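Working through the structure, step by step
Listed below, chain by chain, are the residues.
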Amino acid sequence: MAASVSPLRSYWALYSRLADPHRSCRAKLRIHRKWESQRRHLHQSTTRHAAVVISGTALARQLHREIQRDVEELVAQGNMRPHLGVVFVGDDPASRTYVRNKTRAASTLGISSDTVLRPSSVSQEELLDLIDKMNRDWRVSGVLVQLPLPEHINERAVCNAIAPEKDVDGFHIVNIGKLCLDQRSMVPATPAAVWEIIKRAGIETVGKNVLVAGRSKNVGMPIAMLLHTDRNHERPGASESSKSPCRILLEEVCRLRLTCVRTRVYDTKVSEVLVERSNVVICDVFDSIAFISGDATVTIAHRCTPKERLKELSSLADIIVTAAGVPGLITADMVKESAAVIDVGINRSVDPKTGKLRLIGVKEKASYITPVPGGVGPMTVAMLMKNTVTAARNALMH
């Protein structure tokens with residue numbers, strides 16, 4: 001049926017298939033002019049092998065607006081403003097930067113926060129006592145202990161000391177267990193960021209092969225759990241509570257077996273959908289319930305996976321998530337044509353000619369790619385803020 005789709009269709013043209021089969025020539029001309037003016041700004045190159053660069057910064061801005069609305073709604077209902085309690089042990093410069101970014105984001109979104117500083121010499125017992133006090137403090141919605149901790153402190157014991165309903169990092173054994181059982185839980189921020197990027201970019205996962213390079217219990221493993229989750233379980237890939245016009249449109253797109261790609265991220269209102277060429281829909285719109293993630297066939301690779309085996313697995317993968325923290329782990333010759341590559345690492349690559357940062361990986365061969373920096377990182381902080389609001393809502397039910 002894809003062959004019957006004209007080269008250019010607006011959102012209303014597709015949506016009106018369900019209501020009004022007649023379309024005016026004037027509307028077509030207006031949409032055509034709009035499309036021509038916007039085509040210069042598309043992230044997707046016209047060359048065959050150019051990847052769509054998914055801007056985590058743009059996605060995070062949209063998520064920020066959603067979080068701000070949630071916070072305002074909570075406060076307008078007479079509830080306490082969500083509050084994030086952060087514990088920072090030691091004086092590691094990188095950790096200090098991460099904490100500053102998180103508290104700054106919280107302030108911007110209307111979430112109050114405070115940071116409790118402790119020296120590297122603090123004992124594990126003192127730290128556990130502090131966490132216990134924050135657990136019992138009704139004014140604290142979410143608790144975050146910045147990792148890593150000094151060697152004499154057991155990180156697992158500290159993570160498990162945080163009340164599961166206040167565990168905005170999602171590292172408590174109860175939250176990890178629920179995640180593995182497809183139950184609603186606090187999802188670790190970085191895996192949640194990857195999950196959200198895939199959903200919001202419209203990358204299909206149902207029935208697809210996914211390779212997760214990295215098996216850490218805080219990143220690699222949760223990502224694998226999310227992507228292979230059963231949509232029919234308690235925590236589905238997307239809400240089915242309501243169907244917006246955009247959702248109806250995209251269901252029609254899926255029925256016609258079209259390929260959907262997004263070029264920009266705006267608010268949730270329906271803006272416009274354009275067809276650049278037969279069977280490709282280019283959207284200027286995002287709808288949070290439009291795409292369903294999960295039900296993928298997931299393989300986890302790690303540092304003990306032989307290079308040749310890694311190449312074999314990656315060549316079969318429709319989606320590759322690199323979470324091993326190794327720059328250049330996945331190279332162009334290892335990537336399947338039109339695969340999506342999500343780089344979770346914080347590694348940066350510098351162009352020797354210009355001296356500027358450049359994308360790590362396989363831009364010329366992949367269909368989607370996340371930049372470093374500006375990809376998963378901004379979304380990780382945004383998902384942490386979303387978890388804080390979720391924790392505040394959970395407190396209302398206890």
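What comes next concerns the included structure. Owing to the predicted nature of the structure, the values given are computational and were not obtained by experimental measurement. (Residues numbered from 1 in each chain as written. Predicted model: local features only at pLDDT ≥ 70, side-chain atom pairs only at ≥ 80, totals over all residues. Heavy atoms only, no water.)

1. Looking at the environment of H64
By the element assignment, H64 lies in helix α3 (residues 56–76). With 318 residues separating them along the chain, H64 and A382 place their C-alpha atoms 6.6 Å apart. (Helix = DSSP H or I, 4+ residues; strand = E, 2+ residues; numbered from the N terminus.)

2. A few points about helix α8 (residues 189–201)
Helix length check: α8 (13 residues) gives 18 Å between terminal C-alpha atoms against 18 Å at 1.5 Å per residue, within 8%. Buried residues dominate α8, accounting for 13 of its 13 residues. Note on α8: the residue one or two positions beyond its end, G202, has a positive phi of about 75°. (Expected span 1.5 Å × (residues − 1). Buried < 20%, exposed > 50% of the residue type's maximum accessible area, 1.4 Å probe, protein only.)

3. Quick look at the side chain of N175
Its location among the elements puts N175 in helix α7 (residues 173–180). Taking relative accessible area as the criterion, N175 reaches 5% and is therefore assigned buried. Not counting residues within four places of it along the chain, the set of residues in contact with N175 comprises P164, D167, G170, S185 and M186. (Contact = heavy atoms within 4.5 Å.)

4. Concerning the packing of α3 against helix α12 (residues 376–396)
Between α3 and α12, whose axes approach to 9 Å, the crossing angle comes to 15°. Taken together, the axes of α3 and α12 are roughly parallel relative to one another. The hand of the α3/α12 crossing is left-handed. Contacts between α3 and α12 pair G56, T57, L59, A60, L63, H64, I67, D70, V71, E73 and L74 from the former with P378, M379, A382, M383, M385, K386, V389, A392, R393 and L396 from the latter. Grouping the constituent residues of the contact of α3 with α12 by class yields 14 nonpolar, 3 polar and 4 charged. (Axes fitted to C-alpha atoms, helices over the stretch in contact; angles between N-to-C directions. Parallel < 35°, antiparallel > 145°, perpendicular 65-115°, else oblique. Left-handed = near helix turned anticlockwise from the far one by under 90°. Nonpolar A, V, L, I, M, F, W, Y, C, P; charged D, E, K, R; others polar.)

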